[in-house]
Amino acid sequence: MKISIITIAWNSAETIEATIQSVISQTHEDVEYIIIDGSSADGTMDIVRKHKAGITKVVSEPDKGIYDAMNKGIELASGDIIGILNSDDFYSDETVLSAVNDAFENNNTDALYADLIYVDRDDTDKVIRYWRAGPYKKGAFRKGWMPPHPTFFVKKSCYDLYGTYSLQLKSAADYELMLRMLEKYQINVQYLPKTITKMRVGGQSNVTLKNRW
């Protein structure tokens, strides 16, 4: 299956190279890599251009925030499956997308999520916390549960049917999208018990319970 990976960036020169390398080194062969940059002014685009051979599409222009940028990427994506990897996150190894592809093909699922590790922003070998998501149970969102968004993969057809990120919800837009997909529309979802993403601490993706409410 074709997998589209979308990376959102803005002034990410310190971290984006590790993100890019973790995508272009994947063993899965059918990968579309899209980078949406919010007109960075710090050298981010120099790094993107350095790796242009492994990047399918690049947009660099002002946007209305990270979820507007994600929506731009989804609109451009042509893959069967879409995953989002922000510019301060990276995949744990080069087999991640192969494992994701196999899980979709073998289980006839609409979406997938896995486990995540928080790492130190400067020393990414230093683990701060493990996020073991566990299997999804209907109604879990009501108890404060959510899957790690950087591990969430969903079919393009689900975005077409059920919509993309709400710009009104600001930092809770990823939470609401996953809640909408899993709880409201009850798409088929699978838990992959494997750590596939490493997230540097301090990013906007770390949504608090207050933001979710």
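Residues numbered from 1 in each chain as written. Predicted model: local features only at pLDDT ≥ 70, side-chain atom pairs only at ≥ 80, totals over all residues. Heavy atoms only, no water.

Undergrad: For the overall build of the chain, give the residues involved together with the corresponding values.
TA: A count of helical and extended segments in the chain gives seven helices and nine strands. In terms of overall dimensions, the chain is globule-like: its C-alpha atoms have a radius of gyration of 16 Å, near the 17 Å expected for 213 residues. Each principal axis of the C-alpha distribution contributes one length, and for the chain these read about 45 × 35 × 35 Å. Evaluated residue by residue, the chain yields a buried proportion of 54% over its 213 residues. Long-range pairs, those at least 24 residues apart, make up 76% of the contacts in the chain between residues at least 6 apart in sequence. For the chain, the accessible area works out to roughly 10,100 Å², and carbon and sulfur atoms hold 47% of it. Taking the average location of the 25 positive side-chain charges in the chain and that of its 29 negative ones, the two points are 7 Å from each other. (Helix = DSSP H or I, 4+ residues; strand = E, 2+ residues; numbered from the N terminus. Rg over C-alpha atoms; globule rule 2.2 N^0.38 Å. Buried < 20%, exposed > 50% of the residue type's maximum accessible area, 1.4 Å probe, protein only. Contact = heavy atoms within 4.5 Å. Areas by Shrake-Rupley, 256 points an atom, 1.4 Å probe, with all protein chains shown as cover. Lys, Arg positive; Asp, Glu negative; His and termini not counted. Charge placed at Lys NZ, Arg CZ, Asp CG, Glu CD.)

Undergrad: Give a description of the packing of aromatic side chains that names residues and reports values.
TA: Per the counting criterion, the structure on display carries ten aromatic pairs. With a centroid separation of 6.5 Å and an interplanar angle of 40 degrees, the aromatic rings of Tyr159 and Tyr165 are classed as tilted. The class for Tyr159 is buried, based on a relative accessible area of 5%. Taking the centre distance of 4.1 Å and the plane angle of 15 degrees together, the rings of Tyr162 and Tyr185 count as stacked. Note that Tyr162 is positioned in helix 5 (residues 156–162) and Tyr185 in the loop between helix 6 (173–184) and strand 9 (189–200), a separation of 23 residues in sequence. For Tyr185, a relative accessible area of 33% puts it in the partly exposed group. Grouped by ring-pair contacts, the aromatic residues Tyr113, Tyr136, Phe141, Trp145, Tyr175 and Tyr191 constitute a single cluster. (Phe/Tyr/Trp six-rings, centres within 6.5 Å; stacked < 30°, edge-to-face > 60°.)

Undergrad: Provide a residue-level description of helix 4 (residues 96–107), including the pertinent values.
TA: Residue pairs three or four apart in sequence face the same way in an α-helix, which turns once every 3.6 residues. For helix 4, with twelve residues, the first-to-last C-alpha span of 17 Å sits near the 16 Å given by 1.5 Å per residue. Residues of helix 4 that are buried: Val96, Leu97, Ser98, Val100, Asn101, Ala103 and Phe104. Where helix 4 terminates, the next one or two residues include Asn108, which has phi positive at roughly 50 degrees. (Expected span 1.5 Å × (residues − 1).)

Undergrad: Could you give an account of the pairing of strand 4 (residues 81–84), with specific residues and numbers?
TA: Neither face of strand 4 is left uncovered, since the one carrying Ile81 and Gly83 and the one carrying Ile82 and Ile84 both have all their residues buried. Strand direction decides the pairing type here: strand 1 (residues 3–9) and strand 4, joined by four bridges, are parallel. Bridge pairing links Ile3 to Ile81 in strand 4. Bridge count for strand 4 against strand 8 (residues 153–155) is three bridges, and the pairing is antiparallel. Within strand 8, the position partnered with Ile82 by the bridge is Val154. (Pairing = 2+ DSSP bridges.)

Undergrad: Outline helix 3 (residues 66–76), supporting the account with residue identities and numerical values.
TA: Of all eleven residues making up helix 3, eight are buried, and the element is well covered by its neighbours. Within the span of helix 3, buried status applies to Tyr67, Asp68, Ala69, Met70, Asn71, Lys72, Gly73 and Ile74. Where helix 3 is buried, its residues meet strand 1, strand 2 (31–37), strand 4, helix 5 and helix 6.

Undergrad: How would you summarise the pattern of salt bridges if you had to cite specific residues and measurements?
TA: Counted by the stated rule, this structure contains seven salt bridges. When the shortest N-O distance is used, the salt bridge between Lys50 and Glu17 registers 2.8 Å. Of the two residues, Lys50 is situated in helix 2 (residues 44–50) and Glu17 in helix 1 (residues 16–24); the sequence distance between them amounts to 33 residues. Between Glu32 and Lys57 there is a salt bridge; the shortest N-O distance is 3.3 Å. Highlighted residues: Glu32 in strand 2 and Lys57 in strand 3 (residues 57–60), separated in sequence by 25 residues. (Salt bridge = Lys/Arg side-chain N within 4 Å of Asp/Glu carboxyl O.)

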